[in-house]
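A structural walkthrough
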Amino acid sequence: MTNRSKLKGVFLIALGATSYGMLATFVKMAYAEGFTTPEVTIAQFVYGITGILLINAIQKAQNKNQATKAAPKTIAQLLLAGTSLGMTSVFYYLAVKYIPVSIAIVLLMQTVWMGVLFEMLLEKKIPSAQKITSVLVVLLGTALATNIIENQIAFDWRGIVLGLLSAASFTTTMFTANRVGIGVSSAQRSLFMLLGGAVIVFGFAIANQTGDFHFEIFAKWGIVLALFGTIIPPLLFNAGFPLTGIGLGSIVSALELPVSVLMAYFLLNENINTWQWIGIVLIILAIVIMNVNDTKN
């Protein structure tokens, strides 16, 4: 692999991570206009599924039906795996109702130690010293980033719990996405996982939407949320990771954290002190430590 190809991969992943980083701020802005979590999630998934359907149709036409089609068993597995994707959106978007975006993204980044825990429990692997070090650095960074040490910020515990639940479901999504339906195209995999996630999102909306559904969400925020959360990042990640490798790609994708915090700072006027910035840097450092050996791949 040439340095030019690797640089291209870094650029694609950086753009994808930047897109994800903007998402929570857009959700918060939609809330400020009176839209609800069910409305936000439904609009995102409807447009997201529509977009991925179009991409599948284009790829099918270009490949002249030569692409590998997913078997019924694989489709069922991808639909089931997609339910965790839907839960991630619901938990994360609920979390930003109760806590600042800059804190919600820090909680979402707890996937670093949750991934190590999942691997230990599911694959019976004892974590290496490198991974244990990463976990400890993440926990220290989280303590600083959430300002627990100085205890200057009062948080709604509903937001904290929902943020951690979003991290747990996102960890599940990452584990299943790397193991299910590997033989089919990324566009097909994305489609079936989105459909599985839509089951959770629509079920949540039906159970929790009170009053009339404001269809203006589709015109005002739906396309933006789908593009930055459902369509652009997966496409860019799927194109970028094969060029960079998992290690370097994971490090570059950590750009999502500072982008999310900066978006909240500039567009939502969220206050972020020096200790919180140090904590954010430590979390990024933990991701680097976790993946540094893989950057040579």
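A brief look at the structure comes next. (Residues numbered from 1 in each chain as written. Predicted model: local features only at pLDDT ≥ 70, side-chain atom pairs only at ≥ 80, totals over all residues. Heavy atoms only, no water.)

Description of the overall build of the chain
Selection criterion: Numbering goes from the N terminus for both helices and strands, where a helix is a DSSP run of H or I of at least four residues and a strand is a run of E of at least two. This radius of gyration counts C-alpha atoms alone. The globule rule is 2.2 Å times how many residues there are, raised to the power 0.38.
The number of helices and strands found in the chain is 12 helices and 0 strands. Tracing the chain from N to C terminus, the helices and strands come up as α-α-α-α-α-α-α-α-α-α-α-α. Whereas a compact globule of 297 residues would reach a radius of gyration of roughly 19 Å, the chain reaches 19 Å, a difference of no more than 12%. For the C-alpha atoms alone, the extent of the chain along its principal axes is close to 60 × 55 × 35 Å.

Quick notes on the side chain of threonine 74
Heads up, the rule is: Contact definition: two residues touch when any of their heavy atoms are within 4.5 Å.
As for its placement among the helices and strands, threonine 74 is situated in helix 3 (residues 72–98). Leave out the neighbours within four places in its chain, and threonine 74 touches Val180 and Gly181.

So, the pattern of salt bridges
Selection criterion: Just to be clear on terms, a salt bridge is a Lys or Arg side-chain nitrogen sitting within 4 Å of an Asp or Glu carboxyl oxygen.
Throughout the structure, instances matching the rule amount to 2 salt bridges. The partner of arginine 158 in a salt bridge is aspartate 156, with the nearest N and O atoms 2.7 Å apart.

Observations concerning the packing of aromatic side chains
Rules: For Phe, Tyr and Trp, where Trp contributes only its six-membered ring, two rings pair if their centres lie within 6.5 Å, and the inter-plane angle classes them as stacked under 30 degrees, edge-to-face over 60, or tilted in between. Under the scheme applied here, a residue whose accessible area is under 20% of the maximum for its type counts as buried, over 50% as exposed, and between as partly exposed, the area being computed with a 1.4 Å probe on protein chains only.
For the coordinates displayed, the defined rule picks out 9 aromatic pairs. Look at phenylalanine 213 and phenylalanine 215: their rings are 4.9 Å apart centre to centre, the planes differ by 55 degrees, and that puts the pair in the tilted class. What makes phenylalanine 215 exposed here is its relative accessible area of 58%. Between phenylalanine 213 and phenylalanine 218, the aromatic rings sit 6.2 Å apart at their centres with planes inclined by 40 degrees, giving tilted as the arrangement. A relative accessible area of 15% means that phenylalanine 218 is categorised as buried. By way of ring pairs, the aromatic residues Tyr47, Phe213, Phe215 and Phe218 are connected into one cluster.

Digging into the packing of helix 6 (residues 129–145) against helix 12 (residues 274–291)
Rules: Lines fitted to C-alpha atoms define the axes here, with helix axes fitted over just the stretch in contact, and angles between the N-to-C directions of these axes take values from 0 to 180 degrees. Angle categories are assigned with fixed cut-offs, so that under 35 degrees is roughly parallel, over 145 is roughly antiparallel, 65 to 115 is roughly perpendicular, and the rest are oblique. Each crossing gets its hand from how the near helix is turned against the far one by less than a right angle, where anticlockwise is left-handed and clockwise is right-handed. Following the grouping adopted for this structure description, the nonpolar residues are Ala, Val, Leu, Ile, Met, Phe, Trp, Tyr, Cys and Pro, the charged ones are Asp, Glu, Lys and Arg, and the polar ones are all others, Gly among them.
Across the interface, helix 6 lies against helix 12 with an axial gap of 7 Å and an inter-helix angle of 165 degrees. As summarised for this structure, helix 6 and helix 12 are arranged roughly antiparallel, according to the angle between their axes. Here helix 6 and helix 12 pass one another in a crossing that is left-handed. Between helix 6, through Gln130, Lys131, Thr133, Ser134, Val137, Val138, Leu140, Gly141, Thr142, Leu144 and Ala145, and helix 12, the contact on the second element is made entirely by Trp275, Gln276, Ile278, Gly279, Ile280, Leu282, Ile283, Ala286, Ile289, Met290 and Asn291. Partitioning the contact of helix 6 with helix 12 into residue classes produces 13 nonpolar, 8 polar and 1 charged.

Read these as spatial facts, not as claims about activity.
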